[in-house]
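Chain by chain, the residues run as shown.
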Amino acid sequence: MTTPNDGGLTAALLQITAHAERLGQLEARVIANLDECQLATGGIAGAITDLRSLVEEQGRLLAAVDELVKTIVPPDSDDGPGYKPRPPVHWWKLTDHERQKAVDRLAAWVEQVYRPWYGHLAVLLAVCWRDHPLCLVGLDIVSELHAVLYFQPKRTASLLSAQAEFQTRILPAFAEQFRAETSKCTHRPGAADGIDSAWRGAR
């Protein structure tokens with residue numbers, strides 16, 4: 001025998017059951033969506049990793065190609081890429097190792113270009129030039145300007161005029177600065193006497 005409340009209880013139980021089923025379905029959908037999101041996130045992360053690896057590999061390949069070009073066509077070759085500016089040298093900030101590298105680069109230019117090709121002007125550069133900041137700064141400018149003027153693929157009228165000005169006005173002015181700076185040098189015995197006698201002979 002049922003009471004009047006039995007129908008309401010039954011209806012409530014049916015509603016609870018229906019809600020439970022809906023909650024179960026919703027939970028299943030949420031879990032499925034989370035799984036899809038995790039898969040998608042993992043896929044994106046994997047793609048980013050692959051892309052980063054590809055970029056790094058491309059960078060290595062470009063560097064290798066650049067080195068290969070340098071070996072085939074040296075920068076100072078007539079067929080080379082021309083002048084490539086170097087970053088300015090902040091002499092006052094350099095560590096001992098960095099300073100030595102910068103000085104070695106200047107020394108190579110002095111021995112390969114300046115002394116063999118600029119005669120009495122080069123003689124004015126004392127052997128102790130490495131000990132004089134003014135000489136380091138000046139030679140950095142002169143060697144870089146020389147590269148600007150002579151590592152060009154073509155010679156134009158304006159370039160020829162600039163080369164003439166470099167040789168007749170700019171370089172002699174720097175050479176005189178180097179002589180004046182080192183003429184009373186005490187860094188290395190005999191350096192001052194050597195430069196003064198070279199100067200007198202050149203004049």
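Residues numbered from 1 in each chain as written. Predicted model: local features only at pLDDT ≥ 70, side-chain atom pairs only at ≥ 80, totals over all residues. Heavy atoms only, no water.

## Focus on the overall build of the protein
Part 1 of the argument: Secondary structure summary: the protein contains six helices and zero strands in total.
Part 2 of the argument: Along the protein, from the amino end to the carboxyl end, the secondary structure elements read α-α-α-α-α-α.
Part 3 of the argument: The long-range share in the protein, meaning contacts at least 24 apart out of those at least 6 apart in sequence, stands at 60%. (Helix = DSSP H or I, 4+ residues; strand = E, 2+ residues; numbered from the N terminus. Contact = heavy atoms within 4.5 Å.)

## Describing the pattern of salt bridges
Part 1 of the argument: Going through the model one piece at a time under the given rule, you end up with five salt bridges.
Part 2 of the argument: Notably, a salt bridge pairs Arg-115 with Glu-111, separated by 3.5 Å at the nearest N-O pair. Here Glu-111 and Arg-115 lie together in helix H2 (residues 96-117), a separation of four residues that amounts to about one turn.
Part 3 of the argument: For Arg-115, a relative accessible area of 27% gives the class partly exposed. (Salt bridge = Lys/Arg side-chain N within 4 Å of Asp/Glu carboxyl O. Buried < 20%, exposed > 50% of the residue type's maximum accessible area, 1.4 Å probe, protein only.)

## What to know about the packing of H2 against helix H4 (residues 133-150)
Part 1 of the argument: Running from N to C, H2 and H4 cross one another at 55 degrees; their axes reach a closest spacing of 10 Å. Taken together, the axes of H2 and H4 are oblique relative to one another. The way H2 lies across H4 gives a crossing that is left-handed. Residues Arg-99, Val-103, Arg-105, Leu-106, Trp-109, Val-110 and Val-113 of H2 form the contact with H4, whose own contacting residues are Leu-136, Leu-139, Asp-140, Val-142, Ser-143, Glu-144 and His-146. (Axes fitted to C-alpha atoms, helices over the stretch in contact; angles between N-to-C directions. Parallel < 35°, antiparallel > 145°, perpendicular 65-115°, else oblique. Left-handed = near helix turned anticlockwise from the far one by under 90°.)

## With respect to the confidence of the model for the protein
Part 1 of the argument: Within the protein, residue pLDDT values average 76, and 55% of them lie at 70 or more.
Part 2 of the argument: Low pLDDT, under 50, characterises residues 189-203; the predicted model gives this stretch 20 contacts beyond four residues in sequence or across chains. (pLDDT = per-residue confidence, 0-100.)

## Brief notes about the packing of aromatic side chains
Part 1 of the argument: On inspection of all chains with the given rule, the structure shows four aromatic pairs.
Part 2 of the argument: With a centroid separation of 6.5 Å and 85 degrees between ring planes, the pair formed by Tyr-118 and Phe-166 is classed as edge-to-face. Remark: Phe-166 occurs in helix H5 (residues 157-182) and Tyr-118 occurs in the loop between H2 and helix H3 (119-123); sequence separation between them is 48 residues. No difference in accessibility class separates Tyr-118 from Phe-166, as the two residues are buried.
Part 3 of the argument: Ring centres of Phe-174 and Phe-178 lie 6.2 Å apart, and the angle between their planes is 40 degrees; on these two criteria the pair is classed as tilted. In this pair, Phe-174 and Phe-178 are both assigned in helix H5, four residues apart and thus about one turn of the helix distant.
Part 4 of the argument: Overall, the relative accessible area of 16% leaves Phe-174 in the buried class.
Part 5 of the argument: Exposure remark for Phe-178: the relative accessible area of 1% places this residue in the buried category.
Part 6 of the argument: Through successive ring pairs, a cluster of aromatic residues spans Trp-109, Tyr-114, Tyr-118 and Phe-166. (Phe/Tyr/Trp six-rings, centres within 6.5 Å; stacked < 30°, edge-to-face > 60°.)

## Things to note about H4
Part 1 of the argument: An ideal rise of 1.5 Å per residue puts 26 Å on 18 residues; H4 measures up with 26 Å between its terminal C-alpha atoms.
Part 2 of the argument: Against the buried residues of H4 lie H2 and H5. (Expected span 1.5 Å × (residues − 1).)

## Here we look at the side chain of Gln-163
Part 1 of the argument: Mapped onto the secondary structure, Gln-163 falls in helix H5.
Part 2 of the argument: Owing to a relative accessible area of 6%, Gln-163 belongs among the buried residues under this scheme.
Part 3 of the argument: If we skip the residues at most four places from it in the chain, Gln-163 touches Leu-149, Tyr-150 and Arg-155.

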